Amino acid sequence: MSMLPTTTIAPILLAAALLRSAGPAAAFVAPHSTVGTVASRSLLAVAPVDDDRGCERRAADGAEREGDDGSPSSPSSPSPRRRGLLSSAASAASGACCCWLCGPRAARPLAEIEAPPPDLVREYDRPRSAARDELFGCSMATTMGEYEAWARPRKEELFRDLFGAMARGGRAGSGDEPPTVVELGMGTFPNAPYYARALEVHGASLAGLDVVGVDPNDAMFEYAKGAAERSGLVSSSSSSSSLASLRMAHGVAEALPFATGSVDAVVSTLTLCSVADPARALSEVARVLRPGSGRFLFWEHVLSEDDGGLALQQRALSPLQSVVADGCHLDRRTGKAIRDAGFPGGVAMEYTVLDDGGIIGPTVLGIASA
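Here is what the cut-offs are and how they apply
Residues numbered from 1 in each chain as written. Predicted model: local features only at pLDDT ≥ 70, side-chain atom pairs only at ≥ 80, totals over all residues. Heavy atoms only, no water. Helix = DSSP H or I, 4+ residues; strand = E, 2+ residues; numbered from the N terminus. Buried < 20%, exposed > 50% of the residue type's maximum accessible area, 1.4 Å probe, protein only. Core = buried A, V, L, I, M, F, W, Y, C linked by side-chain atoms within 4.5 Å. Contact = heavy atoms within 4.5 Å. Expected span 1.5 Å × (residues − 1). Disulfide = S-S within 2.5 Å. Phe/Tyr/Trp six-rings, centres within 6.5 Å; stacked < 30°, edge-to-face > 60°.

Draft legend 1. Here's a closer look at unusual backbone geometry. Positive phi is not limited to glycine here, since Phe-189 has a value of about 60°. With respect to the helices, strands and loops of the structure, Phe-189 is situated in the loop between strand E2 (180–184) and helix H7 (192–206). Among the residues examined, Phe-189 registers a relative accessible area of 0% and is labelled buried.

Next comes the structure, spelled out in structure tokens:
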């Protein structure tokens with residue numbers, strides 16, 4: 001039987017301490033949070049956290065700023081931050097821009113963000129604690145650098161394949177309209193450098209990028225913004241020559257805020273482990289992709305297929321992982337779920353095991369075509 005690596009045992013002890021002090025908020029092995037709907041560059045663009053504050057201090061600040069004692073807020077009674085996000089989403093749905101970070105190309109038409117069916121929002125966009133979200137966001141920003149370093153070589157290949165295919169003819173920008181790429185569970189946006197590299201290589205063919213991050217954890221947005229700036233994908237300066245726009249939307253993967261057939265690519269990296277209903281989320285991905293040219297890039301940790309001892313550990317630890325890591329499951333067969341989703345253009349999928357990845361080492365990666 002494979003033994004738990006020390007890099008896994010340490011987070012277990014940290015998680016126990018965090019559960020005592022702040023409830024289920026910290027990352028156990030720290031995959032991305034779940035996903036959502038409306039309302040020369042470094043390849044490790046992790047948002048820095050002030051050393052003198054720390055994650056627990058940020059959580060306390062989040063609770064105070066929201067007027068929140070750590071208890072969940074309801075979608076029907078949103079916090080001030082959530083109300084602002086919902087207002088931005090409503091503006092987007094009516095045609096106004098809700099870019100946080102947009103270069104001059106943001107004046108070009110962008111894919112509309114529209115309100116999803118209210119019944120789906122009520123079912124899947126569950127109440128959340130602002131304090132716990134702040135703590136989890138900080139944990140993600142400070143603990144995932146090593147994992148991203150392990151993943152980087154394969155991720156680079158995967159994103160190169162996606163953007164290369166788009167540039168060669170899979171609707172690489174139509175007239176003045178840049179292709180829209182939706183990041184499910186954007187989290188702290190560790191993928192930002194791959195987008196920046198795509199614009200370096202394929203900028204002329206792509207005619208820019210319209211990147212929309214979707215996440216139910218509002219605390220992730222400031223980290224995503226910082227990662228996008230540090231990678232060079234976007235700039236906070238209005239005089240920037242950036243070809244990309246970055247927009248953020250609160251929400252869940254099971255009810256995406258886009259019209260059917262309106263999105264050029266969807267990206268999900270360490271996200272489907274956390275969604276409440278993977279089959280429903282994948283159905284939404286297939287729905288929003290453009291028929292014939294849309295692509296779905298995925299990178300997901302899964303239940304081990306070739307190590308029975310490790311699979312046993314994953315099954316045993318998954319309940320705790322789900323509590324402390326924002327719904328993350330260690331024992332999902334996400335590869336099978338993606339194949340069963342019935343993408344018309346087929347699925348190119350690979351199973352691999354990341355060296356030193358421990359219980360999140362087993363991984364499926366690939367691209368599905370609409």
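Picking up where we left off.
Draft legend 2. Region of interest: the nonpolar core. Grouped together as the largest cluster of nonpolar side chains are 49 residues, with contacts concentrated most on Phe-163, Phe-189, Tyr-195, Leu-209 and Leu-233. Per-element accounting of this core gives the leading share, eight residues, to helix H6 (residues 145–168). Those residues in contact with Tyr-195 that lie beyond four places of it in its chain are Phe-159, Phe-163, Val-181, Glu-183, Phe-189, Leu-209, Val-211, Leu-233 and Val-267. Residues Val-266, Leu-272, Val-275 and Ala-368 belong to the second largest nonpolar core, which totals 24 residues.

Draft legend 3. Highlighting helix H5 (residues 130–143). Spanning 14 residues, H5 covers 20 Å between terminal C-alpha atoms, matching the ideal 20 Å at 1.5 Å per step. Judged by how many residues are buried, H5 sits mostly within the fold: 11 of 14 residues are covered. Among the residues making up H5, those that are buried are Ala-130, Ala-131, Asp-133, Glu-134, Leu-135, Phe-136, Gly-137, Cys-138, Ser-139, Met-140 and Ala-141.

Draft legend 4. Main features of the state of the cysteines. All told, the structure shown has zero disulfides when counted by the stated rule. In this structure Cys-273 is a free cysteine whose sulfur lies 3.7 Å from that of Cys-328, the closest cysteine sulfur available. Take Cys-328: its relative accessible area is 0%, and that puts it in the buried class.

Draft legend 5. Inspection of the packing of aromatic side chains at higher detail. On inspection of all chains with the given rule, the structure shows seven aromatic pairs. Taking 5.7 Å as the distance between ring centres and 40° as the angle between the ring planes, the aromatic pair formed by Phe-296 and Phe-298 counts as tilted. The exposure class of Phe-298 is buried, given its relative accessible area of 0%. Cluster of aromatic residues (ring-pair linked, three or more members): Phe-159, Phe-163, Phe-189, Tyr-194 and Tyr-195.

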